[in-house]
Amino acid sequence: MTIVQEIQAANEAYAHSWTQGQLPLPPARKVAIVTCMDARIIPAHTFGLKEGDAHVIRNAGGRTPEALRSLVISEQLLGTDTIIVAQHTDCGMLTFENKDIHAIIHKNLAGADATHIDFLPFKNLEQNVRDDVRFLRESPLIPKHIPIHGYVIDVSSGKLIAVDSE
Ligand SMILES: [Zn+2]
């Protein structure tokens, strides 16, 4: 089986036992979580979530500048009032700089130029969590009353470690 066939088979079994089809659109627990796309993180497990509970916005690194569009929709249209930013140990974003990925793109993609794109890598995990939390606290698009909590996920233990929690 290819991965696509495996996914289709898994989904058939999942849909067969699915019973939560009447859940409302707004997240029941009114929380939006920004985290990394890392394959080792399953947010439902890490954060104790079930269907209908929360918005989980994922991107490479769990970077808040990239998540801002979704966070504004989450708060302004769908009623979330708490933000959690959770980046993690051993993140791929700690392993390269913009110049590296710009060169890889240029080589692999027929000379394509991506030097105008900041891929948002970072060097210091805890400092980056603080910086990304501050980015949201200082954004005019995030209401001042919304608490923003910064965490590191230790992927070796699964633990959430508070870094910048109001
Ligand atoms: Zn990561």
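Bear in mind the structure is a predicted one, so any value in this text is a computation, not a measurement.

Enquirer: Looking at this structure, I do not really get the pattern of salt bridges. What am I missing?
Expert: Inspection of the entire model under this criterion finds 12 salt bridges. In this structure, Arg63 and Asp132 form a salt bridge, with 2.7 Å as the shortest nitrogen-oxygen distance. One end of the pair, Arg63, is in the loop between β2 (54-59) and α3 (64-78); the other, Asp132, is in helix α5 (residues 125-138), with 69 residues separating them in the sequence. Arg63 sits in the buried class, given a relative accessible area of 8%. We note a salt bridge from Glu97 to Lys99, for which the minimum N-O separation is 3.8 Å. Look at the salt bridges and you will find they share partners, linking Glu97, Lys99, Asp100 and Lys123 into a network.

Enquirer: Would you mind showing me how to read the coordination of the zinc ion here?
Expert: Any two of four tetrahedral donors ideally make an angle of 109.5 degrees at the metal, while pairs among six octahedral donors ideally make 90 or 180 degrees. At the metal site, the zinc ion is ligated by Cys36 (SG), His88 (NE2) and Cys91 (SG), and these contacts range over 2.0 to 2.3 Å. Mapped onto the sequence, the residues coordinating the zinc ion show the spacing C-x51-H-x2-C. Note on accessibility: His88 and Cys91 belong to one class, buried.

Enquirer: How should I be thinking about α3 in this particular structure?
Expert: Residues spaced three or four apart along an α-helix point in a common direction, a consequence of the helix completing one turn every 3.6 residues. With 15 residues, α3 ought to run about 21 Å at 1.5 Å a step, yet its terminal C-alpha atoms sit only 18 Å apart, falling short of that. Bending of α3 peaks at approximately 35° at the position of Ser70. Taken as a whole, α3 has its buried residues at Thr64, Ala67, Leu68, Leu71, Ser74, Glu75 and Leu78. Buried-residue contacts for α3 involve β1 (31-36), β2, β3 (82-88) and α5.

Enquirer: Looking at this structure, I do not really get the sheet that holds β1. What am I missing?
Expert: Where strands meet in a sheet, backbone hydrogen bonds hold them as pairs that are either parallel or antiparallel. Pairing within the open sheet is mixed, and its 5 strands lie in the order β2-β1-β3-β4-β5. The sheet is open, and its two borders are formed by β2 and β5 (160-165), each paired with just one other strand. On average, each strand axis in the sheet is inclined to that of its neighbour by 25°, with strand direction left out of account. Bridge analysis of β1 against β3 gives 5 bridges, and the strand direction is parallel. In the sheet register, Ile33 faces β3, and the bridge partner there is Ile84. The sheet contacts of α3 involve β1, β2 and β3, and relative to β2 the element is tilted by about 165°.

Enquirer: Whenever I open this one, the UniProt feature "binding site: Zn(2+)" (unreviewed entry) in the protein confuses me. Can you help?
Expert: Under the present numbering, the feature "binding site: Zn(2+)" (unreviewed entry) in UniProt falls on Cys36, Asp38, His88 and Cys91. A compact arrangement is adopted by the annotated residues: their sequence extent is 56 residues, whereas the largest C-alpha distance between any two is 8.7 Å. Take Asp38: it is sitting in the loop between β1 and α2 (43-47). Take Asp38: its relative accessible area is 13%, and that puts it in the buried class. Ignoring anything within four residues of it in the chain, the contact list for Asp38 reads Arg58 and His88. With respect to the helices, strands and loops of the structure, Cys91 is situated in the loop between β3 and α4 (98-108). Taking relative accessible area as the criterion, Cys91 reaches 2% and is therefore assigned buried. Excluding its chain neighbours within four sequence positions, the residues that come into contact with Cys91 are Cys36, Gly61 and Phe122.

Scoring rules and cut-offs
Note that residues are indexed from 1 along each chain, following the sequence as it is written. At least 70 in pLDDT is required for a residue's local features to be given in this predicted model, at least 80 for side-chain atom pairs to be given and counted, and no such filter applies to totals for whole chains, interfaces and linings, which use all residues. Just so you know, side-chain values use all the structure's heavy atoms and leave hydrogens and water out. We define a salt bridge as a contact between a side-chain nitrogen of Lys or Arg and a carboxyl oxygen of Asp or Glu at a distance within 4 Å. What counts as a helix is a DSSP run of H or I of at least four residues, what counts as a strand is a run of E of at least two, and both are numbered from the N terminus. Each residue is assigned to one of three classes by its accessible area relative to the maximum for its type, calculated with a 1.4 Å probe on protein chains only: buried under 20%, partly exposed between the two thresholds, exposed over 50%. Note that water is not among the atoms used; donors are N, O and S atoms within 2.8 Å of the metal (3.2 Å for Na, K and Ca), so sites may look incomplete. In this analysis, the expected span of each helix is defined as 1.5 Å times one less than the number of residues it contains. Bend, at a single residue, is the angle you get between axes fitted to the 7 residues ending at that residue and the 7 residues starting at it. Note on contacts: a residue pair qualifies if any of its non-hydrogen atoms lie within 4.5 Å across the two residues. A strand pair is defined by DSSP finding two or more bridges across the two strands. Lines fitted to C-alpha atoms define the axes, with helix axes restricted to the stretch in contact, and inter-axis angles between N-to-C directions lie between 0 and 180 degrees. UniProt positions are given in the numbering used here, feature names are shortened, and annotations may be inferred rather than shown by experiment.

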